[in-house]
Amino acid sequence: MIRDITIGQYYPADSVIHRLDPRVKIVCTLLFLISLFVQNSLLGYAIATVFLFWVIHASKVPLKFILRGLKAIVIILMFTVVMNLFLTTGGKELVHIGFLHIYEKGLRTSVFMAVRLIYLIMGSSLMTFTTTPNALTDGIEKLLHPLNKLHVPVHEVAMMMSIALRFIPILLEETDKIMKAQIARGADLESGNIIQRTKAMVPILVPLFVSAFRRANDLAMAMEARCYNGGEGRTKMKPLVYRKRDRAAYGITILYMVVIVLVGRFVPFQIWIF
Amino acid sequence: MAIRLEKINYIYSPGTAYEKHALKDIDLEIPDGQFLGIIGHTGSGKSTLIQHLNGLIKATSGKLYYNGENIYDEGFNLTALRSQVGLVFQYPEYQLFEADVFTDVCFGPKNLGLSKEECEIRAKEALELVGFPEKYYHQSPFELSGGQKRRAAIAGVLAMRPKVLVLDEPTAGLDPKGRDEILEQIRHLHEQTDMAVVLVSHSMEDIAKYVERIIVMNRGEKMLDGTPKEVFSHYRELEQVGLAAPQVTYIMHDLKECGLPVRTDATTIEEAAEEIMRSFHD
């Protein structure tokens, strides 16, 4: 039952995108997200679409997995679209029903906003689909390394992140097990009003907390037993090194950014069909 | 006939990269009162199989009958089934949550809607059945030793007075003394009540000593099904799938090869000793 919940999930496959250095993926994803907001023309969105789908194709992650991630933002998406549609004024009035007006500009903004949000989620979930959580934290640690000079404990933060990520599937599995054990003892988790349901969570939460603390304690011991004492002087088994393909990926993304910025500057709005 | 499975198939996460065909066309009958052992390697589908027995997971395809009723039928009372087929999970002590053992054991009967007095009678009876010392009844379950915790957890299931008791690796993580005690207690339970017991384990010795019938699971399929003697006579096949017969089986085979006229179907140390003595007297 709870196995169906998927958070920051990784889709194992053998593709160029999977093999890229995590730093490349983080930076390029950020650039892509920025690219969605620096221009506002049909041509620009067309280029972004081609770029996004080309990368998705190269990643070998099935499109339906990426689209599944959109479910989470359906409500926000609809809210944004509706708000923009009715509240933005400007241009020709297209529809007029009672007190509701839809203007040309409102329609355009809401469609663009929807596309931006959808691409934003698709772009960032593509990153988590193709990068293991550990590689991701490694990448973040390395990227934020300069902050060490400002006495930001970058290594510790990255370690906390990777432990937290590592524990998500473990705790989900544990919850699943405990839920099943209590259901086997006749616990009823699905019916009743909100108070009864909240009460029904006690037999699950107590063992879950106990087990989370036990595991945390075990992990701390295991880390200390192997002489873990923070990031100072710590080396990596697989240090991140940029390869040819990583440079190529940077090159392509920068080229894409340049095109997008140029389009944003020199192609006026007018290409919009209305 | 208590439980009957027909062509049960189960697939984890269908349609994703993690798809796994965990059970393949399982046919199985568990008659009333039988002491059944299920063995198999990690990932062979044992745990998945037993979670079907009380309807915790629903088969992808196939039918499961409890006393002739298909449990997947619309309107079948699953809560009633769960009180009849008691399932004790691996490391069951992690399900304890109440402030004291006695209240925790009452949780099952309470969920069945029984009166407070009835719950307490059943809890007391269940704790006595597993040999849980009375002086610890009102202690926090988190302060007990591993073996006692496990007893308390098993009692929590027994308090529902199931007709079938399913135990998933009840001895995992216990020391040899705790292991023998728990297994003896389970045998005692089976003899005292008319309960059917399904024991999942990967220790051949444990299984051989206690059960009437063994089912061997391999890669989601039922590989062997028979009495311990029948199953362990296939010890070469068992080895091929990463299992083994009890050690005495090997000793008996070696003895026979060395020329001692013994029968090789002994599955427990006691039987083997008797057989060796007999061969000397003849």
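Residues numbered from 1 in each chain as written. Chains lettered and ligands numbered in written order. Predicted model: local features only at pLDDT ≥ 70, side-chain atom pairs only at ≥ 80, totals over all residues.

Q: If you had to explain the overall build of chain B to someone new, which residues and values would you point to?
A: Secondary structure summary: chain B contains 11 helices and 10 strands in total. For a compact globule of 282 residues, the expected C-alpha radius of gyration is about 19 Å, and chain B comes in at 20 Å, within 12% of that figure. The buried share among the 282 residues of chain B stands at 41%. (Helix = DSSP H or I, 4+ residues; strand = E, 2+ residues; numbered from the N terminus. Rg over C-alpha atoms; globule rule 2.2 N^0.38 Å. Buried ≥ 20, exposed ≤ 12 C-beta atoms within 10 Å, placed from the backbone.)

Q: I'd like a rundown of the overall build of chain A, residues and numbers included.
A: Looking only at helices and strands, one finds 10 helices and 2 strands in chain A. From first element to last, N terminus to C terminus, chain A shows the α and β order α-α-α-α-α-β-β-α-α-α-α-α. For 274 residues, the compact-globule estimate of 2.2 N^0.38 gives 19 Å, and the C-alpha radius of gyration of chain A, at 24 Å, exceeds that figure by more than 25%. In terms of its C-alpha atoms, chain A occupies a principal-axis envelope of roughly 65 × 55 × 40 Å. Across chain A, contacts joining residues at least 24 apart in sequence account for 77% of those joining residues at least 6 apart. (Contact = placed C-beta atoms within 7 Å.)

Q: Describe the sheet that holds strand β9 (residues 213-218) of chain B, listing the residues and the values that go with them.
A: Residues and elements named next belong to chain B. Overall, mixed pairing links the 6 strands, which are arranged β6-β7-β8-β3-β9-β10 in an open sheet. The open sheet has two free edges, formed respectively by β6 (85-88) and β10 (221-226), since each of these has just one partner strand. Looking at each pair of strands side by side, their axes are set apart by 15° on average, direction ignored. Strand direction decides the pairing type here: strand β3 (residues 35-40) and β9, joined by 5 bridges, are parallel. (Pairing = 2+ DSSP bridges. Axes fitted to C-alpha atoms, helices over the stretch in contact; angles between N-to-C directions.)

Q: Which residues make up helix α1 (residues 46-53) of chain B, and what values do they have?
A: Residue and element names in this part refer to chain B. Counting buried positions along α1 gives 6 out of 8 residues, so the element sits mostly inside the fold. Those residues of α1 that sit buried are K46, T48, L49, I50, H52 and L53. Count one or two residues on from α1 and you reach G55, which has phi positive near 70°.

Q: Help me get a handle on the interface of chain B and chain A, residues and values and all.
A: At the junction of the two partners, chain B supplies 23 residues and chain A supplies 20 residues. Looking at the side of chain B that touches chain A, the elements that each hand over two or more residues are α2 (78-84), α3 (101-111) and α5 (146-158) of chain B. Broken down by class, the residue content of the side of chain B that touches chain A amounts to 13 nonpolar, 9 polar and 1 charged. (Nonpolar A, V, L, I, M, F, W, Y, C, P; charged D, E, K, R; others polar.)

Q: Describe in detail the nonpolar core, supporting the description with residues and values.
A: By size, the foremost hydrophobic cluster in this structure holds 77 residues, and its most contacted members are L87, V105, A155, V164, V166 and V198 of chain B. Considering every element that reaches this core, the biggest residue donor is α5 of chain B, with 6 residues. Not counting residues up to four positions away in its chain, the partners in contact with V166 of chain B are I50, L53, V85, G86, L87, V88 and V198 of chain B. Listed in part, the 20 residues of the second largest apolar core include V24, F32, M127 and V263 of chain A. (Core = buried A, V, L, I, M, F, W, Y, C linked by C-beta atoms within 7 Å.)

Q: Can you tell me about the sheet that holds strand β4 (residues 61-66) of chain B, naming the residues and giving the values?
A: Residue and element names in this part refer to chain B. On the basis of which strands lie adjacent, the open sheet formed by 4 strands has the order β2-β1-β4-β5 and antiparallel pairing. For this open sheet the edge positions go to β2 (20-30) and β5 (69-70), each flanked by a neighbour on one side alone. Summarising the sheet, strand β1 (residues 3-12) and β4 pair through 5 bridges and their orientation is antiparallel. Residue pairing across strands places I3 opposite Y66, the latter belonging to β4.

Q: Which residues make up helix α10 (residues 247-257) of chain B, and what values do they have?
A: Residue and element names in this part refer to chain B. Those residues of α10 that sit buried are V248, T249 and M252. Each buried residue of α10 lies within a common arc of 105° when the element is viewed along its axis, so the set occupies one face. Looking at α10, the residues exposed on the side facing more than 90 degrees away from the buried face are D254 and E257. Summarising the contacts, the buried residues of α10 are in contact with α8 (228-232), α9 (235-240) and α11 (269-281). One or two positions beyond α10, positive phi appears at G259, with a value near 105°. (Arc of directions from axis to C-beta.)

Q: Quick one: what's the story with the environment of I204 of chain A, residue by residue and with numbers?
A: Residues and elements named next belong to chain A. When you line up the elements, I204 lands in helix α9 (residues 194-225). When the C-alpha positions of I204 and K177 are compared, they lie 9.5 Å apart, and in sequence the two are 27 residues distant. Sequence-distant contacts of I204, defined by excluding residues within four places in its chain, comprise T175, I178, M179 and Q182.

Q: So what about the confidence of the model for chain A? Which residues, and what values?
A: All names here are of chain A. Of the residues in chain A, 94% have a pLDDT of 70 or more, and the chain-wide mean is 86. When the criterion is pLDDT under 50, residues 1-7 qualifies, and its contacts beyond four places in sequence or with other chains add up to 9 contacts. Scored below 50 in pLDDT, residues 270-274 shows 6 contacts in the model against residues more than four places distant or in partner chains. (pLDDT = per-residue confidence, 0-100.)

Q: I'd like a rundown of the confidence of the model for chain B, residues and numbers included.
A: On average, residues of chain B score 88 in pLDDT, and 99% of them reach the 70 mark or higher. Complex prediction metrics read pTM 0.73 and ipTM 0.85.

Q: Residues and numbers for the pairing of β4 of chain B, please.
A: Residue and element names in this part refer to chain B. As paired strands, β4 and β5 are joined by 2 bridges and run antiparallel to one another. Bridged to Y65 within β5 is N70. Once β4 ends, the chain turns through 2 residues before running back antiparallel as β5, passing N67 with a positive phi of about 50°.

Q: Let's hear about the packing of α3 of chain B against α5 of chain B: which residues, and what values?
A: Residue and element names in this part refer to chain B. Running from N to C, α3 and α5 cross one another at 35°; their axes reach a closest spacing of 7 Å. In this structure, the crossing between α3 and α5 has a hand that is right-handed. Note on element contacts: α5 touches α3 through A152, A155, G156 and V157, opposite V101, D104, V105, F107 and G108. Each residue belonging to the contact of α3 with α5 can be placed in one class, and the counts come to 6 nonpolar, 2 polar and 1 charged. (Left-handed = near helix turned anticlockwise from the far one by under 90°.)

Q: Pulling in residues and values, what's your account of the packing of helix α3 (residues 42-59) of chain A against helix α6 (residues 104-130) of chain A?
A: Residue and element names in this part refer to chain A. Orientation of α3 relative to α6, taken along the N-to-C sense of each, is 25°, at an axis distance of 11 Å. Relative to α6, α3 is oriented roughly parallel. Pair α3 / α6 crosses with left-handed handedness. Side by side, α3 and α6 meet where Y45, A48, L52, V55, I56 and S59 of the first sit next to V115, Y119, M122, G123, L126 and T130 of the second. For the contact of α3 with α6, a count of residues per class yields 9 nonpolar, 3 polar and no charged. (Parallel < 35°, antiparallel > 145°, perpendicular 65-115°, else oblique.)

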